[in-house]
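# Summary of structural features
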Amino acid sequence: MHISEGVLSAPVLVTGVILTIGGVSLGLKKMDYEKIPEVAVLTSAFFVASLIHVPIGPSSAHLVLNGLIGLLLGWSAFPAILVGLGLQALLFQFGGLTSLGVNTFNMAFPAVVSFYLFRVLNRGYNRYAFIFSGFLCGIIGILGGALLVALSLVTTGEAFLTAAKLIVIAHLPIMIIEGVITATAVVSLNKVRPELLTRKVKI
Amino acid sequence: MDTMKSILIGLVLLILLSSTALAHKVNLFAYAENDMVYTESYFSDGKKAMDSTVEVFDAKSNKLLLSGKTDNNGEFSFKIPQATGLRIVLTASMGHKNEYLLSEDEVRDAIGIAKLPEKSLPEKTETEKRQAPPEKATQIYDDRLELLMERIVEEKTAPIMKKLLKIEEQMQKPSLQDIIGGLGYIIGLMGIGIYFKYRRKS
């Protein structure tokens, strides 16, 4: 879901940059000393995840992992995704430097949403709710990203509903896969490193 | 540190996997032959970019010359509209875009060869030929012979051109160095982050 260089108009690009700057500065402020290595590891995961292509469905889609990253990092997902996308743009020519702001916001905002979603859904410390919320966060990451990409493309003349439908359908397989990956990751982290999670349960 | 270890192992696995599976970028290649320009387009995982818009611009004046849509093989071809450099822009779905620049020389060559069957080069008149001393041996015999040979060479080199396109396509893919380099940058940034946060604390 990288938007290429020269697709979007200037107002959209500028809006993306401003929103991303806000998110990144908030994320950096909330990043503690102890959290930095975790952010770096998840940035690396995000950076290489885009190379894992899932050959199911009508279009070309790859892993994003923004749901998982957001769930673990909260607002710090913004700097992590900015660095990941920046390196992908520089080294792989995915997306572009001018569209970096928009792309970062499109991927990082759903990540932050899944962070709060995970906290809210696990108020009851129920084990099934715990697994389900992990699955849901994986889906929200991709679904939210797809909808934001469609929204960014509206200004280029693509009608929102058609674009959104196309992008969401293309990413349905990825959504399910990311849901499963996120749920699995959350369950295993809960076992071996519960301190990484904002909410934990006894399983 | 068990989790860290398992995450690192996961990362290594991801890198290994990535050499076969690739991701999100659209590629466009074009070549001119016999008065026509042929374009091929696909996503970097090899899937063809179907039903995507192709627009052809004058490379210098940026004027839109023609546009069309790719077929089910991600291919689109058109007659050369004019003998200048051509900028071919592909817009695929979901915000993917790429372009390919076809040089003026390449376009001119393709036109020259296609005009062979009718008559010899129109730009060279009889008087011009007499005034200018022949530069190559073939010119003494016939301009037609030279053009004919060019055409034969073009035909014979077509498979090589195809191979070159394949190589160019390979070069577009992220290499292992890119991936490892990127991970190195992230570790470096982590170091910088730790350095600054640590100083602030103590």
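Structure report, in brief. Within every chain, residues take consecutive numbers counted from 1 along the sequence as written. Each chain is given a letter, starting from A, and each ligand a number, starting from 1, according to the order in which they appear as written. Thresholds applied to this predicted model are a pLDDT of at least 70 for local features of residues and 80 or more for the giving and counting of side-chain atom pairs; totals over whole chains, interfaces and linings are not thresholded and use all residues.

Looking now at the overall build of chain B. Only runs of H or I of at least four residues qualify as helices and only runs of E of at least two qualify as strands under DSSP, and these elements are numbered from the N terminus. Scanning chain B for helices and strands turns up six helices and seven strands. Going from the N terminus to the C terminus, chain B shows its helices and strands as α-β-β-β-β-β-β-β-α-α-α-α-α. Every C-beta atom is placed from the backbone, and the number of other C-beta atoms within 10 Å of a residue's own sets its class: buried at 20 or more, exposed at 12 or fewer, partly exposed in between. Across the 202 residues that make up chain B, the buried fraction comes to 22%. The contact criterion used here is simple: two residues whose C-beta atoms, placed from the backbone, lie within 7 Å are in contact. Taking as baseline every contact in chain B between residues at least 6 positions apart, the subset at least 24 positions apart corresponds to 55%.

So, on to the overall build of chain A. Looking only at helices and strands, chain A has eight helices and two strands in total. Starting at the N terminus and walking to the C terminus, you meet the elements of chain A as α-α-β-β-α-α-α-α-α-α. In terms of overall size, chain A behaves like a compact globule, its C-alpha atoms giving a radius of gyration of 16 Å where 203 residues would be expected to give roughly 17 Å. By its C-alpha atoms, chain A is 50 × 35 × 30 Å across when sized along the principal axes. Our radius of gyration is a C-alpha quantity, and the globule rule it is checked against amounts to 2.2 Å times the number of residues to the power 0.38.

Moving on, we get to the packing of helix H3 (residues 66–73) of chain A against helix H4 (residues 77–92) of chain A. Residue and element names in this part refer to chain A. Closest axis-to-axis distance for the H3/H4 pair is 9 Å, and the angle between their directions is 140°. Counted together, Asn-66, Ile-69, Gly-70 and Leu-73 of H3 and Ala-77, Ala-80 and Ile-81 of H4 form the full contact between these two elements. Split into classes, the residues belonging to the contact of H3 with H4 amount to five nonpolar, two polar and no charged. To get an axis, fit a line to the C-alpha atoms, keeping to the stretch in contact for a helix; angles then go from 0 to 180 degrees between the N-to-C directions. Any residue outside Ala, Val, Leu, Ile, Met, Phe, Trp, Tyr, Cys, Pro, Asp, Glu, Lys and Arg is labelled polar, Gly included; the first ten of those are nonpolar and the last four are charged.

This part covers the nonpolar core. For our purposes the nonpolar core covers buried Ala, Val, Leu, Ile, Met, Phe, Trp, Tyr and Cys residues that link as a set through C-beta atoms within 7 Å. Membership of the largest hydrophobic core comes to 71 residues, with the highest contact counts inside it found for A:Ile69, A:Ala77 and A:Ile81. Ranked by the residues each element gives to this core, the list is headed by helix H6 (residues 127–154) of chain A, at 11 residues. In contact with A:Ala77, other than residues within four places in its own chain, are A:Gly27, A:Ile69, A:Gly70, A:Ala108, A:Ala111 and A:Val112. Grouped together as the second largest cluster of nonpolar side chains are 19 residues, B:Ala49, B:Val54, B:Leu102 and B:Ala110 included.

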